[in-house]
Amino acid sequence: MAENRLIEVRKCGQSIWMDFIRRSLMTSGKLQKLVRDGVMGMTSNPTIFGKAIGESNEYDSTIGEMLDLDATQIYEALAIEDIQAAADVLYAVYEGTQGEDGYVSLEVSPLLAYDTETTLNEARRLFATVNRPNVMIKIPGTPEGLPAIEEALAEGININVTLLFAVENYIEVAERYVRALERRLDAGLDVSQIASVASFFLSRIDTVVDNILESNMRSGRMRGEFTQTQRSLMGKAAIANAKLAYFHFQELFNSERFARLREAGARVQRPLWASTSTKNPNLPDTYYVDNLIGPYTVNTLPPQTVDAFKDHGTVAETITQALDDSRTVLKKLAEVGVRMDKVTQQLQSDGVEAFANDYRRLIDAVEGKRQVLLTGVMAKQDTVIAAYEYGIRETLARLEKDQIVARIWSKDPSVWKQEAAHQQLIADRLGWLDVARPDPSFYEPLYALRQEIETQGYTHALLLGMGGSSLAAEVMRQTFGVLPGFPDLMVLDTTDPQAIRLATETVDLDKTLFIVSTKSGGTIETFSLYKYYYSLVEEMHGTQAGDQFCAITDAGSALETSAREKNFKYIFLNPADIGGRYSVLSYFGLVPAAIMGLDLDALLLSAQQMATACDHNVAPSSNPAAWLGVLMGYLAQHGRDKVSLIASAQIDSFGLWAEQLIAESSGKEGRGIVPVAGVVPDDPRNFDDDQVFVYLRLDGPENDLDRKVDNLKLAGHPVMTLHLTDAYDLGGEFFRWELATAIAGHLQQINPFDQPNVGESKDNTKRLLKVLKERGSLPEDQPVLEEEGLKLYADAKTADTLRRVGEQRGFNDGALINLLLAHICLASSGDYIALMAYLAPTENHDRLLEAVRDELRHATMRAVTLGYGPRFLHSTGQLHKGGANNGVFIQITVENNEEILIPGEPYDFMTLKRAQAQGDLEALQSKNRRVVRFHLPEGSVSAGLERVLDAIKTAAAKKRGW
């Protein structure tokens, strides 16, 4: 049978304890196995408990039964249960060694390290509460702790004296132990049942001393005074220090003074070697075990060092060896300027502070767990991630180690970038964290607005905005519809003249509130719409036109100036440090919600509960946003860079908002996550293995969508399901996805708060409009092909590629269908297809475009996105140009000469839309994207779309037939 070093080392008089505790150790039977393998006791501290409670779900059910307690009370209850359970397992060791071993330690709050009386009272209380003979209470050996240690021992409390670094401090502690036993003996009390260890810390000493030596050697080299002596001393201080302490241990406990106590049955206070994991990679991993083995000692090891020593440690009595060498080491350290008294004094002070900070973090983590369980958010999500589980959990652990969530909440821009320019921009875009839980005064104008709107008699509210200023309102309108007593909110985020005409015909201009929403105050689409509708109202009401207008913008913007000049009825100035796509829970999203008459309390409560569940003190493994962020970021790094959004019918429009958030945040520096909104999960075989699915499910009976999502899981696709109690839970989802996207951005190592490529299309549009002003018309390209009025445009390089692919595939007659088929064939595995429709967003166009989308997906198995222009320029447009070159783009435009003039401009809305489509096409071409443009003939747009659909169906059928 192989030697068990954990057991063999007992022959040298040493006991191995484990510096670790976790509930599953006891519940799984692992501690019993460790005891059989030779572990003789356990120690704990706030750091260990913090990891156990904060980074696992082992304690969730118990915490869930104590939600009416505060975090400190919960922690103590959990810790005491674990200590009692461990003590019960270790009791057999305690009995078998006649009380020599089998102990488990529980620490008095480190916050009391400098308070003698309170420390003593806590030691009494904890010892009585745990109520086990084999428990030790840990008290630090600070000057204030020493009297409490002596008094507790005199009262019969087992004590583990912790945070000892200096030999002198150890001698003081040992003296206190002996004196306490003498007091008991003199009082006629039993001394045979008292147990104590003195925890002498090791690796931390070497870390500090070696740093000093390194510094000395660097400065020595500069002065030409380098000596080998300093290098030879590295890694020697802690062992030498411990051996000298052990020498004093032998002196005291072999003295005549202690003989009287020994005869009365007293035990020695054993030295316990702590901080024994090797920090220096140049030293063996069992370094602080092998060199300190001897009688009446304890070595407390973290689990990895227990395994290492069991596997390849050296069993031999070493602690009394080379004592003179140890004295020489300490002498030489003094000669080269290392003041061990200063080092150990600082280490104890730092150790107290470190344990205090860990204790604070522990309580913070427990409070985080408590809040998560109170909100119930984590219970409302489930994830099937199959082969990716290990990597995702490892990534969550890395987020915890690097404190990423806490650093995001503290607005640390280095989470994403190190460059100063990036960091300044990021720091100016983190206000969305504040509006998740702002001062109540932030909401007061919203409640007043809602109340006033209900009395004004508006039939409609028409929101004029783009991207982050409009998409949240669009989601809320599609989700909640029209509420009794409040206006019908319509969102106009287009320059399409047909859409503008339809909106104008739908509303009663005299009873409509116009909401002009733009962060910058100068967005060309929004400002053009504002000028148009203001002119219409001005024709009716003259200088009173402003009474029908509401502005949402940043302070100091051109819109604020105009709104004040024209006496807008409402002006909402949003915090400037919130970017557009992160602004849903600010005035940009909440003002439209108030005007619609939504239940603001319900919406905001959901958001606040989610923010609480995702707070800085919630470990990533229990943090809903961290889970989603890691799911997106980690899987994108492993080939699944398409996030396909599935949702219950009422909340299906949520994808429109999430699409912008994810695409514009992540699509840059040649990488990106591709959001795919409105996915219908029919046959799992229609989806390539580059997708991850997120299902937002409204509570209710099982339905056909559930079955389809289950089929995706069975097919091996990763799926996260988010359960919403009702539609107002969208408030929480808005915040979850914002924070998750920020976390995914960290994993991608990009800045998720800029949009560097959005300006390219805008600049092209400005240039084209300048040409228009100079020449009277926009420049026109020649189509590659025209069939019955349907035109196909592509640059020369793309046209040559399509012809070459056609020849390779055997369809080289140059017909429209075959060129389209060739373009579809460019979408390889890992690519996506983007439909970009510069059309009016009508129900009929929706239906036809969705049919085109379905045909493309069925034919190619590729993710297919669909966006209306120019809306998508403020959404997925950043991804298209700044992300990876894995998109195959189909732009659809229409020959529509419907004229709606823009006041003050030499062009109309149709011309502006053409310039935007052409500008975006040129931007894509400049990035060498695979893009073609279909231009529909004048007349019925629907008829043109039907022709494109028929062409794609024919091309798709050919492709499937290969």
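Refer to the structure presented above.
Residues numbered from 1 in each chain as written. Predicted model: local features only at pLDDT ≥ 70, side-chain atom pairs only at ≥ 80, totals over all residues. Heavy atoms only, no water.

## Brief notes about the sheet that holds strand β19 (residues 785-787)
The strand order β19-β20-β24-β23-β21-β22 describes an open sheet built from 6 strands, whose pairing is mixed. Here the strands that pair on one side only, and so sit at the sheet edges, are β19 and β22 (863-868). Averaged over all neighbouring strand pairs, the angle between strand axes comes to 15°, with direction disregarded. Judged from the 7 bridges that link them, strand β23 (residues 887-894) and strand β24 (residues 930-936) form a sheet pairing that is parallel. (Pairing = 2+ DSSP bridges. Helix = DSSP H or I, 4+ residues; strand = E, 2+ residues; numbered from the N terminus. Axes fitted to C-alpha atoms, helices over the stretch in contact; angles between N-to-C directions.)

## Considering the nonpolar core
Core analysis: the largest hydrophobic core is formed by 127 residues, its most contacted members being Y75, F253 and L333. Setting aside chain neighbours within four positions, we find Y75 in contact with F49, I53, L106, Y359, L362, I363 and V366. Formed by 105 residues, the second largest nonpolar core is a distinct cluster that contains I453, V584, L628 and V643. (Core = buried A, V, L, I, M, F, W, Y, C linked by side-chain atoms within 4.5 Å. Buried < 20%, exposed > 50% of the residue type's maximum accessible area, 1.4 Å probe, protein only. Contact = heavy atoms within 4.5 Å.)

## Some points on empty space enclosed by the protein
Within the structure shown, the criterion is met by 7 cavities of 30 Å³ or more. Its volume calculated, the largest cavity comes out at about 90 Å³. At the level of secondary structure, the elements contributing two or more residues to the lining of the largest cavity comprise α36 (843-860) and β22. Tallying contributions element by element places α36 first for the lining of the largest cavity, with 4 residues. Residues of the lining of the largest cavity, tallied by class, amount to 6 nonpolar, 3 polar and 4 charged. One number sums up the size of the second largest cavity: a volume of about 60 Å³. Surrounding the second largest cavity, G99, E100, Y103, M136, A195, S196, V197, R267, V268 and R270 form its lining. (1 Å grid on protein atoms, 1.4 Å probe; cavity = no way out; pocket = protein on both sides within 12 Å on 5 of 7 lines; lining within 4 Å. Points joined across faces, edges and corners; volume = space filled by probe spheres on them. Nonpolar A, V, L, I, M, F, W, Y, C, P; charged D, E, K, R; others polar.)

## Some details on the layout of surface pockets
In this approach a probe as big as a water molecule rolls over the atoms, and the regions it shows empty are the leftover space. Taken as a whole, the largest pocket holds about 1300 Å³ of empty space. Residue lining of the largest pocket: 44 residues in total, with E474, Q478, L656, P841 and D846 positioned closest to the centre. Among the elements of the structure, α23 (471-480), β11 (488-492), α24 (497-506), β15 (642-647), α30 (654-666), α36 and β22 are those that each provide at least two residues to the lining of the largest pocket. Tallying contributions element by element places β11 first for the lining of the largest pocket, with 5 residues. Classifying every residue of the lining of the largest pocket gives 22 nonpolar, 11 polar and 11 charged.

## Notes on the pairing of β24
Of all the 7 residues making up β24, 7 are buried; the element is thus mostly covered by neighbouring parts of the structure. Both faces of β24 are covered, namely the face carrying R930, V932, F934 and L936 and the face carrying V931, R933 and H935. Looking at chain direction, strand β20 (residues 790-793) and β24 are connected through 3 bridges and run antiparallel. Among the inter-strand pairings, Y793 is bridged to a residue of β24, identified as R933.

## Considerations on helix α17 (residues 340-375)
In an α-helix there are 3.6 residues to a turn, and that puts residues three or four apart on one side. With 36 residues, α17 should cover 52 Å at 1.5 Å per step; its first-to-last C-alpha distance of 51 Å lies within 8% of that length. The positive-phi residue at the C-terminal boundary of α17 is G376, with phi of around 75°. (Expected span 1.5 Å × (residues − 1).)

## Overview of the sheet that holds strand β9 (residues 381-384)
Ordered by their spatial adjacency, 5 strands build an open sheet running β9-β18-β17-β15-β16, and the pairing between neighbours is mixed. Each end of this open sheet is capped by a strand with a single partner; those strands are β9 and β16 (674-676). When strand polarity is set aside, the average angle formed by the axes of neighbouring strands in this sheet is 20°. This element, α30, spans β15, β16 and β17 (691-698) of the sheet and lies at about 175° to β16. Seen against the sheet, helix α31 (residues 704-714) touches β9, β15, β17 and β18 (719-724) and runs at an angle of roughly 155° to β17.

## Looking at unusual backbone geometry
Along the chain, G869 connects to P870 via a cis peptide bond; the corresponding omega equals 5°. On the secondary structure map, P870 appears in the loop between β22 and α37 (877-882). One non-glycine residue, L163, adopts positive backbone phi at about 60°. By secondary structure assignment, the location of L163 is in strand β5 (residues 159-164).

## Overview of the packing of aromatic side chains
The description of two aromatic rings rests on the distance between their centres and on the angle between their planes. One pass over the full model with this rule turns up 40 aromatic pairs. Aromatic side chains F514 and F549 sit 5.0 Å apart centroid to centroid with 20° between the ring planes, which places their arrangement in the stacked category. With F514 in strand β12 (residues 512-517) and F549 in strand β13 (residues 549-554), this residue pair connects regions lying 35 residues apart in the sequence. Considered together, F514 and F549 belong to a single accessibility category, that of buried residues. A ring pair is formed by Y532 and F909, whose centres lie 5.9 Å apart and whose planes are at 80°; its orientation type is edge-to-face. Remark: F909 occurs in helix α38 (residues 909-926) and Y532 occurs in helix α25 (residues 524-541); sequence separation between them is 377 residues. Across the pair, exposure class does not vary: Y532 and F909 are buried alike. Chaining the aromatic ring pairs together yields one cluster made of F514, F527, Y530, Y532, Y533, Y534, F549, F568 and F909. (Phe/Tyr/Trp six-rings, centres within 6.5 Å; stacked < 30°, edge-to-face > 60°.)

## Observations regarding helix α18 (residues 389-401)
Given a rise of 1.5 Å per residue, 13 residues ought to cover 18 Å, and the 18 Å separating the end C-alpha atoms of α18 matches this to within 8%. Burial in α18 covers these residues: G391, I392, T395, L396 and L399. Looking straight down α18, one finds its buried side chains confined to an arc of 140°; they lie on one side. Seen from the open side of α18, the exposed residues pointing more than 90 degrees away from its buried face are Y390 and K401. Buried residues in α18 make contact with α19 (404-409), α29 (624-637) and α32 (730-748). Positive phi appears at Q403, one or two residues downstream of α18, with a value of about 55°. (Arc of directions from axis to C-beta.)

## Topic: the pairing of β11
Burial runs high along β11: 4 of the 5 residues are buried. Of the pairings in the sheet, the one linking strand β10 (residues 460-464) to β11 comprises 5 bridges and is parallel in character. Note on β11: the bridge partner recorded for L464 is L492. The handedness of the β10 to β11 crossover, carried by α23, is right-handed. (Right-handed = clockwise from strand over helix to strand, strands pointing away.)

## A look at the environment of K713
Within the secondary structure, K713 is located in helix α31. Distance from K713 to T383, taken between C-alpha atoms, is 9.7 Å for residues 330 residues apart in sequence.

## Some points on the packing of α23 against α30
In the contact formed by α23 and α30, the axes pass within 8 Å of each other and the chain directions differ by 160°. What the angle tells us is that α23 and α30 run roughly antiparallel. Note that α23 runs across α30; the crossing there is left-handed. Across the interface between the two elements, L471, A472, E474, V475 and Q478 from α23 touch F654, L656, W657 and Q660 from α30. Taken together, the residues of the contact of α23 with α30 break down into 6 nonpolar, 2 polar and 1 charged. (Parallel < 35°, antiparallel > 145°, perpendicular 65-115°, else oblique. Left-handed = near helix turned anticlockwise from the far one by under 90°.)

## As for the packing of helix α7 (residues 116-130) against helix α8 (residues 145-154)
Helix packing geometry: the angle between the two helix axes and the distance between the axes. Remark: α7 packs on α8, axes separated minimally by 8 Å, with the N-to-C direction vectors making an angle of 35°. Judged by the sense of rotation from one axis to the other, the crossing of α7 with α8 is right-handed. Residue-level contacts link T116, T119, L120 and R124 of α7 to P147, A148, E151 and A152 of α8. Across the contact of α7 with α8, the residue classes tally to 4 nonpolar, 2 polar and 2 charged.

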